[in-house]
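If you want the building blocks of each chain, they are given just below.
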Amino acid sequence: MTTPAQLAECRAFLEPAQLQPSQTREAVTQDAAQLLNGLAHRLRQRDHAPQPVAHFITRLLFCLFAENIGLLSDQLFINLLAEARRTPADFPALARDLFRAMHLDDDHCLPLEKADLDTLHSATALDWSAIEPAIFGTLFERGLDPDKRSQLGAHYTDADAIRRLIEPVIRDPLLAEWAIVKAEIADRLRKTSAKTRQPATDLWHGFLERLRTFRVLDPACGSGNFLYLALRMLKDLEHQVMLEAEALGLQRGFPAVGPEAVLGIEINAYAAELARLTVWIGEIQWMLGHGYSLNDQPILKPLNAIECRDALLDCDQETTWPKANVIVGNPPFLGGTKLLRELGDDYMATLRRIYAGRVPGGADLVCYWFEKARAQIASGQTQRAGLVATNSIRGGANRKVLKRIRETGTIFHAWSDEPWVNEGAAVRVSLVGFGNSKGPVRLNGQSVLGIYADLTGYAINTESETDLTQAKKLQENNELSFSGTKKGGSFEIKGDIARQWLLIPNPHNRLNSEVLRPWINGRAIVQRSSDLWIIDFGTEKKLIDAALYEAPFQYLQSNVKPQRDKNNRPSRRDRWWLHSEVCTGMRSAISPLTRYIATPRVSKYRIFIWLDHSFLIDDGTYLIARSDDTTFGILHSRFHELWALRTCTSLGATPRYTPTTCFETFPFPIGLTPSIPAADYANNPHAQAIATAARQLDTLRQNWLNPPDWVDHIPEVIPGYPDRLMPKPAHAAMLKQRTLTNLYNQRPAWLIHAHRALDEAVAAAYGWSADLTETGILRRLLALNRERASATLPTAD
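Every value quoted in this text rests on a predicted model; they were computed, and no experiment measured them.

Undergrad: Please explain unusual backbone geometry as it appears in this structure.
TA: Keep in mind that most residues, glycine aside, have a negative phi and that most peptide bonds are trans. Phi is positive for asparagine 444, close to 55°, though the residue is something other than glycine. By the secondary structure assignment, asparagine 444 is in the loop between strand 10 (442-443) and strand 11 (446-447). Using a relative accessible area of 32% as the deciding quantity, one classes asparagine 444 as partly exposed. Even without being glycine, aspartate 531 reaches a positive phi, approximately 50°. You can see aspartate 531 is positioned in the loop between helix 18 (522-526) and strand 17 (532-535).

Undergrad: Please explain the sheet that holds strand 14 (residues 481-483) as it appears in this structure.
TA: Hydrogen bonds along the backbone pair up the strands of a sheet, which may run parallel or antiparallel. One open sheet holds the four strands; their spatial order is 14-21-18-19, and the pairing between them is antiparallel. Looking at strand neighbours, the two that pair on one side only are strand 14 and strand 19 (609-612), the edges of this open sheet. Pairwise comparison of adjacent strand axes, ignoring direction, gives a mean angle of 40° for this sheet. In this sheet, strand 19 lies alongside strand 18 (residues 595-600) in antiparallel orientation, the contact comprising four bridges. Note that in strand 19 the partner of isoleucine 597 across the bridge is tryptophan 610.

Undergrad: What is the right way to look at helix 13 (residues 345-354) in this model?
TA: Spacing of three or four residues puts side chains on the same side of an α-helix, whose turn is 3.6 residues. Buried residues of helix 13: Met348, Thr350, Leu351 and Ile354, and no others. Each buried residue of helix 13 lies within a common arc of 160° when the element is viewed along its axis, so the set occupies one face. Counted as exposed and oriented over 90 degrees from the buried face of helix 13: Asp346 and Arg353. Buried residues along helix 13 sit against strand 4 (313-314), strand 5 (317-318), helix 12 (337-343) and helix 14 (366-378).

Undergrad: Would you mind showing me how to read the sheet that holds strand 15 (residues 492-494) here?
TA: Overall, mixed pairing links the four strands, which are arranged 15-17-16-20 in an open sheet. Looking at strand neighbours, the two that pair on one side only are strand 15 and strand 20 (616-617), the edges of this open sheet. Judged from the three bridges that link them, strand 15 and strand 17 form a sheet pairing that is antiparallel. Across the sheet, the residue bridging to glutamate 492 is isoleucine 534, located in strand 17. In the packing of helix 17 (residues 495-502) onto the sheet, the strands contacted are strand 15, strand 16 (516-520) and strand 17, and the crossing angle to strand 15 comes to about 90°. Each of strand 15, strand 16 and strand 17 touches helix 20 (residues 550-559); the most contacted strand, strand 17, lies at about 85° to it.

Undergrad: Is there a simple way to explain the environment of valine 560 in this structure?
TA: Mapped onto the elements, valine 560 comes out in the loop between helix 20 and helix 21 (561-564). Spatially, the C-alpha atom of valine 560 lies 7.1 Å from that of phenylalanine 491, the residues being 69 residues apart in sequence. If near-sequence neighbours (up to four positions away) are discounted, valine 560 is found in contact with Gly488, Gly489, Ser490, Phe491, Tyr555 and Trp576.

Undergrad: Just to check I follow, could you spell out the side chain of aspartate 364 for this structure?
TA: Structurally, the position occupied by aspartate 364 is in the loop between helix 13 and helix 14. Buried aspartate 364, no salt bridge; nearest opposite-charge side chain is arginine 656, N-O distance 5.9 Å. Not counting residues within four places of it along the chain, the set of residues in contact with aspartate 364 comprises Leu334, Gly335, Gly336, Thr390, Ser392 and Asn398.

Undergrad: Help me understand the environment of leucine 672, please; the structure alone is not making it clear to me.
TA: Counting through the fold element by element, leucine 672 comes out in the loop between helix 26 (659-662) and helix 27 (685-705). As for leucine 672 and tyrosine 766, which are separated by 94 residues in sequence, their C-alpha atoms are 9.8 Å apart.

Undergrad: Hey, could you run me through the pattern of salt bridges in this one?
TA: Pairing is possible between side chains that carry opposite charge, provided their charged atoms lie close to one another. Inspection of every chain in the model, using the stated rule, returns 43 salt bridges. A salt bridge links glutamate 492 to lysine 487; the nearest nitrogen and oxygen atoms lie 3.3 Å apart. For glutamate 492, a relative accessible area of 25% translates into the label partly exposed. For lysine 487, a relative accessible area of 19% translates into the label buried. Through salt bridges with shared partners, a single ionic network connects Glu318, Arg358, Glu371, Lys372, Arg374 and Arg404.

Each value, and the rule that gives it
Residues numbered from 1 in each chain as written. Predicted model: local features only at pLDDT ≥ 70, side-chain atom pairs only at ≥ 80, totals over all residues. Heavy atoms only, no water. Helix = DSSP H or I, 4+ residues; strand = E, 2+ residues; numbered from the N terminus. Buried < 20%, exposed > 50% of the residue type's maximum accessible area, 1.4 Å probe, protein only. Pairing = 2+ DSSP bridges. Axes fitted to C-alpha atoms, helices over the stretch in contact; angles between N-to-C directions. Arc of directions from axis to C-beta. Contact = heavy atoms within 4.5 Å. Lys, Arg positive; Asp, Glu negative; His and termini not counted. Salt bridge = Lys/Arg side-chain N within 4 Å of Asp/Glu carboxyl O.

Right, dumping it as structure tokens:
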């Protein structure tokens, strides 16, 4: 039995405000994790399996914690270690006796050497009562799981960030319910005597039962951070309700909310093990910290409600989730090629087949959790959900799951673009609360009337006028925007090597210029050109023909073929001399052009440039297959920039241009659409004004980037390529700082004036004022999109 003196001591340990700055809970937890993770690493080096090691380490952790909080009397564990240090071979028997005496769920134990026992003895000097459950699971998981040791020392998600998501999903609705019940209790107490208080007492007990039976599910619970904070939130709420009821004259009672309130699903056995321990330590800390005795209740009894299994698939069918009042969590972030690499072709094929029609094939993995949570709400298995996703859920294929959520329910709370820590790395995320809610709707901390699927909101009742997720693809913009080729190997070479090869003859008397092109990626567009070229055998060239271009072919044979031989896709492995994605449509679209428009996929600023037709872009760059200044000017205007920022996706905090939503939906001014040849509107005064302003903007930028007196124009070694710009030695250092990113960071007056002139010309072409607000511009553009869109074309997602 814990004594009052021990309880007082524990409360001092448990309250963060009582800790000295040098002994913060985070620092204690990090020190504790470092000690036990080192021990775990040594045990695995002795060929003990990782899972038994993890199980054993969690038991030692709990012993250290239990001794500090007074559950073990007379320094029982310290004395055990002292005896074992004298005779290490006795440790397993001594430890098993202790585990059984503590009523742990098993007495699993591993042998320890003298050095291990010395480490444990050193660990007893730490204040284990002060470890922070909200972070210790993550820290210990990184040490116990061999696949996550590289994350040791990385940052972790702080508790406040998690609370921003789970408070509106768990606490706020329950507090709103309690406010109604409390008012009714007070009203009944005023109308009845002390002897007839049963109706009020029944209401009080009914709400306590509501809290006792409230269940929170985290279907990707990791090491239990969300579950711990959810449990603590429910226990804090129960405590608050009891105090307020006591103030009304009702009997307070004993807390009934416990670890059974939280349910979890986690596929990683290490994390599931730690999640159970995290919840138990959090429960014990809360009880002792609020003055309650643990009595003789079982300690660390099994939490079978935290299951170790797949949350999405059960063999070849969709898995089931337990019924719960709410769902919260931070599902795994995987997208693109990482999905196949991490999960395998067979798993992803099954997943996509089962969720076909509900989750787009190209969506990130986290979207499956969102859809399954939506389905749970729609079927009445849960009421609300609060999940974390990368901020890319706001656009592209990912956004479809949010559109489905809005079709069957409500997004009532969201933070659209927030910093987060995932697997030790800093990322940008969206926090989304959805489902059944009668409370206020809040977006990024502000009240709004509603939240769109792109996680923007509206504060006035004009939802249909500003919801850009309803924009549709326009036929007039079709087949004009393309990404560059995906190399799938080291196809790029330095410019000096390319120029040597351009002069080398081949056995069939064909020039290497047929398979060598200047190459550019998105970074080179906004920074300085890196003078890279690329070997490009086109779309269909056969091996026997490619081999005739000796130097380029031999280079690929040495530098690309070894990589491709390991590729799982036969088409890439067998056609190793071709790019992985050869982009036939893109090549056809630009073949008649002398130049085309290019823009980086990911960029702080939405910048467009001209590229000579000889250039090949990479898959991190998009091109618009037009060569007229009018189209260039419209794309570089404020009107397209605002549209792109609202319809794009994001990579971290940086906008990511997506042609399907940014370009193919954008309504150009009437008579100046990309489906019309430029020659047909050459005499249009609006087209001429836009072209003039666009040429002026481009000329001024080029003069700033490469002042004529600072660079030499060097013709290439053979005709057909644009001149090289060679910095003069005296100005080379200064030219390095002259990039488009730096230019738009500085925004000198001349650049502002040039863009203003362009915006005025484009506004006149639309017939609008150049001083329209952002909302006014977007509303008008969406109206134009709707006027032109064919009813048979799909919504742009």
